[in-house]
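# Structural description and commentary
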Amino acid sequence: MAMDFNSKVLQITLWLGLLFVHRPQEAILFCNAQNSPKSDGDVLRNWKREIKDDSQALSNWDSSSSTDYCRYTGVQCGATGRVRSLNISGLGLSGTITAFLGNLTELDSLDLSNNSFDGPVPAEIGGLLSLQVLALEVNNLTESIPDTLGNLSRLKSLTLGNNSLTGPFPEALSNLTSLELLSVPANQLEGALPEDLGNLGNLTHLILEDNKLSGSIPQSLGRLTNLLVMNLGNNSMTGDVPWGILTRLSRIQELTLYSNSFNGTLPDDFGQLSNLQILNLQRNRFSGSIPDNICLALVNLRMLQLNNNAFERGFPSEIGRCSKLETVDVHSNHLFGVIPTSIGNCSSLRQIIAWSNNFTGEIPHEVGDLTQLMDFNFDVNNLNGVLPRELGNLTQLRTLQLSLNAFSGNIPKELGRLSNLKFLNLGSSFLNGSIPPELFNSTISLEEIHLDLNLLTGNIPVTIGNAKSLNILWLHYNQLTGPIPDEVGNITSLTTLSLGNNSLHGKIPDALGKLTNLINFDLALNNFTGQIPPFLANFSQLQAIWLHDNQLHGEIPAWLGDLTNLQYLYLGQNSLTDTIPEDLGRLTNLISLGLNACNLTGSIPQSLSQLTKLEFLNLESNSLQGNITVDFSNFSSPAFSLLLGGNELTGNFPASLQHCSMYILDLSANELSGLLPNFSRNSRIMNISVFSVRSNTFSGQVPPWIWTLQKVAILDLSDNLCPKPPSP
């Protein structure tokens, strides 16, 4: 009897194993049969008990009537009374997806997208053989995509994007020959795409971007002749793009392969790609030139993104034939040559992004014909000549970026007509002449102006006060003269005012006291007089003050200690007097402090021990006295620089420096004495690059650790009482 029972169990086990291999959907239903809910309503009500539904979106799922479930939120039933469609997208639901959805066997549409469901995709969904739409995107689903989904022979749309699905791309999905939309972006799928993917002859959209897929593009994708969109961007795919196959996709409108490691060149013959509108190949390893015939072949091209590759030569001379082109992004390549005049024929152009190349020559006047242009960026090239006045015709322009070129001549006053301009960067471009007052007319909407590192002369125009929306003003490193106009105080939205390294003079105007949103305040390397402006005490958001190298006088105000967001404070090379305030020890976010050459006296406040984030402290060339009592033990910088040379400091070498990872230590020209400490070779000071204790009265033997400094570039122990080192 026992033998017969065991044999029966063995037969059932073998039968179930064969069922799972050959008829997986039936096996799933068989295994759930005993505990399966009795009706579609039972399935929904049982699942509702497991769902977290904070907004009570599914509150009407509690009714137990045999037919009421057809009125449940998101439920539609067919003529048979069975659930045909379940759409509970975007209801803020969480929990797992119940396996018993596999019992809704007449379901043709299942949309659970835009919620917070987690856990795996139930394999039982593969038993819903009537399903045409499966939407599970934007959840927190994990594990691999079940192979059982390959049984859904009627499926037309499969969207699983923005989850955390892992594992390889399932070969079983290649069986879904009715599929039109396959979208699985923003997951963690890995491995190569299966060659059988070319079997999906009805596919119009293949979207697999932002995964970890590898390998090359399967040749079989050339059979997807209905394809409109292919997006394989932001993966780890490699090899040459099979252009000979892909150019047969006569209906394709978007080909997106960005952020992979594809190499090779663009094809000379674009074949049947005349419907292509978007070609995005940025951030790969493509090389060679942009084909001259690209605009003749791709007559519908709207977006061309080739940036961050290794393309050479320049724009195609016939680029003007791309009459529908809206965006050209070729930045960060090796392109050279001139900007072709035919570009003026690209009347639909909205963006030209070409920074970090080697373009030469002048900006053609024909650029002024691009009246739809919104962004024009040729930063970091070798353009020269005069900026064309026709740039003033680009009234839709939002950003104009031409920094780090080799222009000559003035800033065209016509730029003042660009009423939509938000960002203007003409820095480091050898421009000369004065800043045109017309640049700041009453209709201006500029938010950032970068005119730094040029050869600009004259006064800052008073019309600058019209730029009420300005956040950042960079005029540093020019040859500007005169006082700061009071009208700058009208730009109350300013967060950065950078006027350093000019020849501005006079008292810093009190009108700047209205700029209470300032974060960065740079007037260094000018000829300003008067005291450190008291209005700075009200600038609680300040992170940086650069006032060094002026003719300021008076004391360092104690209220600076109230500006606790300060990270950079440079007051050196002024005619300041008296002592360093103890209150500076409250600036615990300070990274750099420069008070050099300020005629300061007294001792170094011990409160500076609290400035543990300091990376740079410069107090040299003052008349500071007394012992160095600052405790440097807790300074966390990996490369701390301490400059105390040229004072009257006394006492011993500060032992706490052994706990600092030093870059520069200059204690020269003081009155320090005693023995140089014998630090351990494991001390953090051993990485120092500059070590100078010249012109003190240190005595005794030079400790051995000093002769083992492997990274030191400057070592100066001269003019002390230490014996000379032994000859080698």
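Residues numbered from 1 in each chain as written. Predicted model: local features only at pLDDT ≥ 70, side-chain atom pairs only at ≥ 80, totals over all residues. Heavy atoms only, no water.

### A word on the packing of aromatic side chains
- For the structure shown, the criterion picks out 18 aromatic pairs.
- Centroid distance Phe535 to Phe539: 5.6 Å. Interplanar angle 40°. Geometry classified as tilted.
- Look at Phe535 and you get buried, because its relative accessible area is 9%.
- Here Phe691 and Trp705 contribute two aromatic rings whose centre-to-centre distance is 5.9 Å and whose plane-to-plane angle is 85°, an arrangement assigned as edge-to-face. Of this pair, Phe691 sits in strand 50 (residues 690-692) while Trp705 sits in the loop between strand 51 (697-699) and strand 52 (714-716), and the two are 14 residues apart along the sequence. An identical accessibility class is assigned to Phe691 and Trp705; each is buried. (Phe/Tyr/Trp six-rings, centres within 6.5 Å; stacked < 30°, edge-to-face > 60°. Buried < 20%, exposed > 50% of the residue type's maximum accessible area, 1.4 Å probe, protein only. Helix = DSSP H or I, 4+ residues; strand = E, 2+ residues; numbered from the N terminus.)

### Remarks on the pattern of salt bridges
- According to the stated counting rule, one finds 14 salt bridges in the structure shown.
- In this structure, Arg71 and Asp68 form a salt bridge, with 3.1 Å as the shortest nitrogen-oxygen distance.
- For Arg71, a relative accessible area of 63% corresponds to the exposed category.
- Members of the salt-bridge network, linked through shared partners, are Asp40, Arg82 and Glu106. (Salt bridge = Lys/Arg side-chain N within 4 Å of Asp/Glu carboxyl O.)

### Observations concerning unusual backbone geometry
- Phi at Gln56 takes a positive value of approximately 55°, unusual for a residue other than glycine.
- Tracing the sequence through the fold places Gln56 in the loop between helix 3 (40-48) and strand 1 (75-77).
- The exposure class assigned to Gln56 is partly exposed, which follows from its relative accessible area of 47%.
- Positive phi, close to 55°, is recorded for Asn234, a residue that is not glycine.
- Inspection of the secondary structure puts Asn234 in the loop between strand 13 (229-231) and strand 14 (238-240).
- Look at Asn234 and you get partly exposed, because its relative accessible area is 29%.

### Structural notes on the environment of Phe359
- As for its position among the elements, Phe359 is in strand 24 (residues 358-361).
- Accessibility expressed as a relative area gives 0% for Phe359, which makes it buried.
- Considering only alpha carbons, one finds Phe359 and Trp707, 348 residues apart in sequence, at a separation of 51 Å.
- If we skip the residues at most four places from it in the chain, Phe359 touches Gly314, Phe315, Leu335, Phe336, Gly337, Ala354, Phe378, Asn381, Asn382 and Leu383. (Contact = heavy atoms within 4.5 Å.)

### Observations regarding the pairing of strand 47 (residues 648-651)
- Going residue by residue along strand 47, you find Leu649 and Gly651 tucked away on one face and Glu648 and Thr650 left uncovered on the opposite face.
- Note that strand 45 (residues 625-626) and strand 47 share two bridges and pair parallel. Bridging from a neighbouring strand, Gln625 pairs with Glu648 of strand 47.
- The pairing of strand 47 with strand 49 (residues 671-675) spans two bridges and is parallel. Counted as the bridge partner of Thr650 is Glu671 from strand 49. (Pairing = 2+ DSSP bridges.)

That is the geometry; function is a separate question.
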